Amino acid sequence: MTSPVRLALLGCGTVGSDVVRLLHEQSADLAARIGAPLEIAGIAVRRLGRDRGDLPVDPALFTTDALGLIKRDDVDVVVEVVGGIEPARGWLVEALRAGKSVVTANKALLAEDGATLHDAAAEGGADLYYEASVAGAIPLLRPLRESLHGDRINRVTGIVNGTTNFILSAMDATGAGFTEALEEATELGYAEADPTADVEGFDAAAKAAILASLAFHTRVTAADVHREGITEVTAADVASAKAMGCTIKLLCIAARGTDAAGRETVSVRVHPAMIPSTHPLAGVGDAFNAVFVEAEAAGQLMFYGRGAGGAPTASAVLGDVVAVARNRLAGVHAASESAYADLPVRPMGEALTRYHISLDVADRPGVLEGVAGVFARHEVSIATVRQAPAGGGSDAELVIVTHVAPDAALAATVRELRGLDVVRSVTSVLRVEGGA
Ligand SMILES: NC(=O)C1=CN([C@@H]2O[C@H](COP(=O)(O)OP(=O)(O)OC[C@H]3O[C@@H](n4cnc5c(N)ncnc54)[C@H](O)[C@@H]3O)[C@@H](O)[C@H]2O)C=CC1
Ligand SMILES: N[C@@H](CC=O)C(=O)O
Ligand code: NA
């Protein structure tokens, strides 16, 4: 048989240890599919001598010198599952420039500075694959960068963070508290090393940037993405959504648009939103992810599966390893980055959205008129108003759902409502998506 393709594995945590396991369990099949065996040349870890349970690997392969391992002549492919910006960026640039193909799950790095990695890959004539970086096991990036290259994608909408979906699903189904649900998601290996990245929406925003870049053939970075996490979603919001026949999900929405000058643009946002319980994304529970792609000729496509966890993510990593190993043996490379469209990113204020707003107000004549006047001043049209006694005798709860309006006008409306005499408090503000 042909000589082995040798891998440097950087990181041996949740994902890395499952990569090692799968490489071991599937070795014969992988070799048959590639046409050469895969061998681990070394595994870079932070600490030697850590108890790694029954991991099927020779302890002599562990090293703390990641860069030294990457530079070794007997390393063909670098698999990075450490995460973070540095030192990962330096390692991967070094590997790619030296012509060593890279497989990475590092969405934070790709979204912050994917351009540097793509440029290094082009310079070194190496492959850069990152299927695991978005929506874990779900084959999504390769369909975007290969299968759909004959079509024009207009919109990508989805749930791309498993941890927050796990938390919101638990809050909705069992009334579980935020903290206990986050602890469980962390134990199950879904959360990032610092779970702030999940709950504050940074992880989903990074994925949104990667998706938008691939879908619209442009460069979108994490900084271009409007981001809101789920830390301000309360049990009252969840109950309020339920009362309206809705559920709350952390959505990623990337869409083409046109600005006032008629130029084509993209908008990319991540925020919690109410969606009708009948919407297909409402049924996506646990740590599952789902992504809708709307393309001109293909119409609607939906991708669904496990978006987080060691084994599902390792599945995507290994799929990429097989692809780059085959390319290497065939002496070919995947198509390089396609960013020719170079589209400007539209500010969030111009995004057209709808709001669901709950207010505690004084229960007396003229209040509704005063509140409605604020909406009118900002040219925000009200779709429905519901009033219920708030329990305090002199107060009432108003629940208002708007028609579509620019986000800046909606935000300004909420700001003015907060200052209104008759408004005791704005108890909940949520965007509404998907026809509720
Ligand atoms: N856990 C999941 O469900 C998913 C994770 N990812 C991504 O995969 C990557 C890895 O994630 P996890 O395995 O969950 O994280 P983890 O925190 O379990 O593993 C990372 C490992 O890298 C090691 N490490 C840190 N600095 C190092 C250094 N300088 N040299 C060598 N090793 C070092 C850590 O000790 C740790 O064992 C991240 O980029 C993450 O965003 C992507 C999809 C899903
Ligand atoms: N922390 C991430 C892991 C996968 O990307 C998530 O919860 O989705
Ligand atoms: Na994926």
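Residues numbered from 1 in each chain as written. Chains lettered and ligands numbered in written order. Predicted model: local features only at pLDDT ≥ 70, side-chain atom pairs only at ≥ 80, totals over all residues. Heavy atoms only, no water.

Looking up the protein in an unreviewed UniProt entry gives the name Homoserine dehydrogenase, with the organism given as Micromonospora auratinigra. The protein has a UniProt comment under Function (unreviewed entry) that states "Catalyzes the conversion of L-aspartate-beta-semialdehyde (L-Asa) to L-homoserine (L-Hse), the third step in the biosynthesis of threonine and methionine from aspartate." (UniProt positions renumbered as here; feature names shortened; annotations may be inferred.)

**Thoughts on unusual backbone geometry**
The phi torsion of most residues other than glycine is negative, and most of the peptide bonds are trans. A cis amide bond, omega 5°, links E86 with the succeeding residue P87. For P87, the position within the fold is in the loop between β4 (77–80) and α4 (88–97). In the Ramachandran plot, D286 falls in the positive-phi region, its phi being about 55° despite a non-glycine side chain. Examined against the element boundaries, D286 turns out to sit in the loop between β10 (264–276) and β11 (288–295). The phi dihedral of D342 is positive, around 45°, even though this residue is not glycine. Inspection of the secondary structure assignment puts D342 in the loop between α12 (310–330) and β13 (352–362). (Helix = DSSP H or I, 4+ residues; strand = E, 2+ residues; numbered from the N terminus.)

**Focus: the site of ligand 1**
Taken together, 22 residues lie near ligand 1, and T14, V15, K107, E192 and G309 sit nearest. Within the side chain of K107, an N or O atom sits 3.3 Å from an oxygen atom of ligand 1. One nitrogen or oxygen atom from the main chain of G189 is found 3.1 Å from a nitrogen atom belonging to ligand 1. Surface burial for ligand 1 is 84%, taken as the share of its 830 Å² of free accessible area covered by protein chains. Taken together, the residues that form the shell around ligand 1 break down as 11 nonpolar, eight polar and three charged. (Near = heavy atom within 4 Å. Polar contact = N/O pair within 3.5 Å; in protein donor to acceptor, adjacent residues only side chain to side chain. Areas by Shrake-Rupley, 256 points an atom, 1.4 Å probe, with all protein chains shown as cover. Nonpolar A, V, L, I, M, F, W, Y, C, P; charged D, E, K, R; others polar.)

**Describing helix α13 (residues 367–377)**
Within the sequence span of α13, burial applies to V367, V371, V374 and F375. Down the axis of α13, the buried set is contained in an arc of 100°. They therefore lie on one face. Exposed positions of α13 whose direction lies more than 90 degrees from the buried face are E369, A376 and R377. At its buried positions, α13 is contacted by β13, β14 (382–389), β15 (395–402), α14 (407–418) and β17 (423–432). Two residues or fewer past α13, E379 is found with a positive phi of approximately 55°. (Buried < 20%, exposed > 50% of the residue type's maximum accessible area, 1.4 Å probe, protein only. Arc of directions from axis to C-beta. Contact = heavy atoms within 4.5 Å.)

**Observations regarding the packing of helix α5 (residues 107–124) against helix α10 (residues 202–216)**
Where α5 meets α10, the axes come as close as 8 Å, and the angle between the chain directions of the two elements is 55°. With respect to each other, α5 and α10 are oriented oblique. Note that α5 runs across α10; the crossing there is left-handed. Residues K107, A108, L110 and A111 of α5 lie in contact with α10, whose contacting residues are D203, A206, K207, A209 and I210. Partitioning the contact of α5 with α10 into residue classes produces six nonpolar, no polar and three charged. (Axes fitted to C-alpha atoms, helices over the stretch in contact; angles between N-to-C directions. Parallel < 35°, antiparallel > 145°, perpendicular 65-115°, else oblique. Left-handed = near helix turned anticlockwise from the far one by under 90°.)

**Some points on the site of ligand 2**
Close to ligand 2 lie K107, N161, G162, T163, Y190, A191, E192, D198, D203, K207, G307 and A308, which account for all nearby residues. Within the side chain of N161, a nitrogen or oxygen atom sits 3.4 Å from an oxygen atom of ligand 2. A distance of 2.6 Å separates an oxygen atom of ligand 2 from a polar backbone atom of G162. Isolated, ligand 2 exposes 250 Å² of accessible area, and the fraction of that covered by the protein chains is 94%. Residue assignment for the shell around ligand 2 shows that the elements contributing at least two residues are α7 (162–174) and α10. Class assignment for the residues of the shell around ligand 2 results in three nonpolar, four polar and five charged.

**Remarks on the UniProt feature "binding site: NADP(+)" (unreviewed entry) in the protein**
As recorded in UniProt, the feature "binding site: NADP(+)" (unreviewed entry) lies at L10, G11, C12, G13, T14, V15, G16 and S17. Take T14: it is sitting in helix α1 (residues 14–25). Mapping G16 onto the fold places it in helix α1. The class for G16 is buried, based on a relative accessible area of 0%. Setting aside its immediate chain neighbours within four residues, G16 contacts L9, G11 and V81.

**Some words on the sheet that holds β4**
The parallel open sheet is built from six strands, whose spatial order is β3-β2-β1-β4-β5-β6. Of all the strands in the sheet, just β3 (62–63) and β6 (128–129) have a single pairing partner and so form its edges. Sheet topology places strand β5 (residues 101–104) next to β6; two bridges connect them, and they run parallel. Opposite V102, over in β6, you have L128 as the bridge partner. (Pairing = 2+ DSSP bridges.)

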